[in-house]
Amino acid sequence: MIEYKKTVKQAKIRSPLKSFEEETITFEYRADPLTGRNTTIIKERSNYAGSFLNSDPQQLNALVEKTKATCPFCPESVGFKTPMFTSDFLAEGRIVSGEATVIPNLLGHAEQSILAILSKKHNLRLDEFTPKLLLDGFSGAMKYLQRLHEVDATVKFPVFAFNYLPPAGSSIFHPHMQVLVRDRPFYLTDLTLQKSKTYADTNGSSYWSDLTATEKEGERYLVGSGGVEWLVPFAPLRGMNEVQAVVSRKSSFMELGEAQWRGLAEGISKVLQFYHAQGYGSFNIVAMSGPMDEHLDYFDVNLRIISRPGIQQWCFTDSWAAPYLLWDGETVEEPEALAEKLRVFFKTT
Ligand SMILES: [Zn+2]
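Calculation rules
Residues numbered from 1 in each chain as written. Predicted model: local features only at pLDDT ≥ 70, side-chain atom pairs only at ≥ 80, totals over all residues. Heavy atoms only, no water. Domains from an automatic or database assignment. Contact = heavy atoms within 4.5 Å. Buried area = accessible area lost by both parts, 1.4 Å probe. Salt bridge = Lys/Arg side-chain N within 4 Å of Asp/Glu carboxyl O. Polar contact = N/O pair within 3.5 Å; in protein donor to acceptor, adjacent residues only side chain to side chain. Helix = DSSP H or I, 4+ residues; strand = E, 2+ residues; numbered from the N terminus. Buried < 20%, exposed > 50% of the residue type's maximum accessible area, 1.4 Å probe, protein only.

### Structural notes on the domain arrangement of the chain
Per the domain assignment, the segments making up the chain are domain 1 (5–42) and domain 2 (53–347). Averaged C-alpha coordinates put domain 1 and domain 2 at centres separated by 30 Å. Between domain 1 and domain 2, the residue contacts involve 14 residues of the former and 22 residues of the latter. The junction of domain 1 with domain 2 conceals about 1600 Å² of combined surface from both sides, 56% of it contributed by carbon and sulfur atoms. If you sort the residues of domain 1 by the area they bury against domain 2, R30, L34 and R37 come out on top, with a joint share of 41%. Inspection of the region where domain 1 meets domain 2 yields one salt bridge. Measuring nitrogen to oxygen at the nearest pair gives 3.0 Å for the salt bridge that ties R30 to E336. In this assembly, domain 1 and domain 2 are joined by ten residue pairs in polar contact (both at pLDDT 80 or more). Among the elements of the structure, β1 (5–15), β2 (21–31) and β3 (38–42) are those that each provide at least two residues to the side of domain 1 that touches domain 2. Here the side of domain 1 that touches domain 2 takes five residues from β3, the largest share from any one element.

Quick look at the structure:
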């Protein structure tokens, strides 16, 4: 059974914004239903925090132009400025899938680390990430994973990671996603696998099936499409406009078919349309998979997407001490209020 635990605490101050009248501030501590990790919900502070998420159009345009001149991922450069796979791995050197090109990562983050360059355009607004463009990227990345699985089945824990624009950690402006694959899971994948196993052993059911069944009845649910359930998490991991997708009863990327990839691509595209409408321009996505060589009944492939700060002269970051060094979450808006706003975008076709 999914448990949603929360505790409400209050602080009182005399606010200079209200002629030093007494003001009560509410802090809600929520435990992640799987891991127990705390996220603090501070209601109605999103207008204040939102100003840090918008980009200065002049700064943004200047960076687009500056980075375009030397970009290795633009179509005229990709053929001679990007790495190629070794000939024993892939004779063609690079994987082309629709508009996407898949290449090894020159500055990798794992023993197997690749990039899928997603568009011919150097810069995309967030409402320009179409499902087709994302599907091309997923499809190209899967061709790589299938080849890797043939070559070395011990490297079996993949994640999709997407850092868009420098505030999200990307050193290259041009839209691209990453796939990192290791013989061992990343820490949070490992924790999620362990906690999911413990939940199944204790409850006799899958945490992920119970989660989506419970959320479907509630106010954080967004939509189900192609076996992919979209929702706003009860206790977001990082906080800023976080949305989660669960791919029902598929425990590894290798088990996903066209319908599931489409369900993910369409959902991501909707969330990015919402971010764009809010004035945001930068985001991160991580999708985690169980091991590629076996099916796990107790784990489902799942994905999280968050918005990141805008491009501004003042280099604000939302990776402050509490989330970065204390592993605590904080969000400036109730997840239920965010879901209400997002549902408008998920309803449009
Ligand atoms: Zn470019």
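### Quick word on the pattern of salt bridges
Under the criterion given, the structure shown has 21 salt bridges. Between K43 and E28 there is a salt bridge; the shortest N-O distance is 3.9 Å. Of this pair, K43 sits in the loop between β3 and α1 (46–50) while E28 sits in strand β2, placing them 15 residues apart in sequence. Take K43: its relative accessible area is 33%, and that puts it in the partly exposed class. Across the pair E334 and K43 runs a salt bridge, and its minimum N-O distance is 3.7 Å. In this pair, E334 sits in the loop between β14 (329–331) and α9 (335–347) while K43 sits in the loop between β3 and α1, placing the two residues 291 residues apart along the sequence.

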